[in-house]
Structures are given as C-alpha cells and as structure tokens.
Amino acid sequence: VQLQASGGGLVQAGDSLRLSCAASGGTFSNYVMVWFRQAPGKERELVSTISGSGTYTYYNHNNDVKGRFAISRDNAKNTVYLQMNSLKPEDTAVYYCAATPVWRAWYRPVDMNYWGNGTLVTVSS
C-alpha cells in the first residue's frame with residue numbers, strides 16, 4: 001500500500017486546514033487509517049484513528065485535538081482526511097498518515113504497516 005499525504009501549509013492561529021491521504025495498491029477499506037504528527041524535537045504522536053468502514057473513530061485525549069480535529073474517509077476515493085479547525089501554534093508539526101489492518105485501542109508508530117510522506121503544518125501566532 002502506498003500512501004500520499006497532502007494539504008499542509010502555513011496558517012495563522014484560529015485558521016483551518018484539511019489534510020488528505022490518498023492510498024493505492026491495496027483494498028483501502030481493509031485498513032485502519034491513522035494520523036500521527038511529529039513536532040520539532042518531539043516524538044511522533046498519535047492524533048486520530050478511523051476504522052476501515054469509517055464507523056469508529058478515535059482522538060488522542062492527550063494532545064488537545066478532540067473537538068477541533070475530525071477524521072473521515074471516503075473508501076470510494078481511497079482517501080482519508082483530517083479536518084483541522086481552530087488551529088493553535090502547538091499544532092505545528094509534520095503530519096503523517098499510516099495504515100494497518102489491525103484494529104487496536106491505541107497505536108504506536110511501530111504498530112503501523114505502511115506510512116505516507118509527511119506534510120508540514122505550521123501555525124503562526
């Protein structure tokens with residue numbers, strides 16, 4: 001499975017961005033899709049997860065994205081999205097999409113089978 005992330009950019013605090021991750025080479029609906037992010041000097045962290053059907057979603061409660069970010073997927077387009085609203089400077093990071101066929105309660109980077117390129121999101125104050 002190949003993943004290609006896009007949609008990052010430079011925005012001001014309070015703005016919105018929508019990230020996309022297009023998949024190819026596999027049956028997209030068979031994969032749980034996960035967004036991670038990595039800020040400068042920090043470890044890569046889980047942002048959000050969506051099940052293969054799109055029925056179940058999860059947001060990391062430890063990084064203040066719940067209520068501001070929304071994950072979704074369009075299996076007909078083989079694409080997963082991350083809508084990011086009310087962006088804050090602390091959201092500045094490289095955002096990565098990743099895929100795994102296994103549903104878990106929590107994902108570490110090592111749990112993922114496929115990775116996309118990163119897309120940089122920079123939020124200025």
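Residues numbered from 1 in each chain as written. Predicted model: local features only at pLDDT ≥ 70, side-chain atom pairs only at ≥ 80, totals over all residues. Heavy atoms only, no water.

*Asks:* If you had to explain the pattern of salt bridges to someone new, which residues and values would you point to?
*Replies:* All told, the structure shown has 5 salt bridges when counted by the stated rule. Arginine 37 is the partner of aspartate 91 in a salt bridge, and the nearest nitrogen-oxygen pair spans 3.0 Å. A residue pair is termed long-range when its members are at least 10 positions apart, and aspartate 91 in the loop between β8 (79-84) and β9 (93-100) and arginine 37 in strand β4 (residues 32-38) qualify at 54 residues. Here arginine 37 falls in the buried class, since its relative accessible area comes to 5%. The closest approach of N and O atoms between lysine 88 and aspartate 64, which form a salt bridge, is 2.5 Å. With a gap of 24 residues between them, lysine 88 in the loop between β8 and β9 and aspartate 64 in the loop between β6 (57-59) and β7 (69-74) connect regions that are remote in the sequence. One continuous salt-bridge network, built from bridges that share partners, spans Arg37, Glu45, Arg68 and Asp91. (Salt bridge = Lys/Arg side-chain N within 4 Å of Asp/Glu carboxyl O. Helix = DSSP H or I, 4+ residues; strand = E, 2+ residues; numbered from the N terminus. Buried < 20%, exposed > 50% of the residue type's maximum accessible area, 1.4 Å probe, protein only.)

Taken by themselves, the reported measurements are silent on function.
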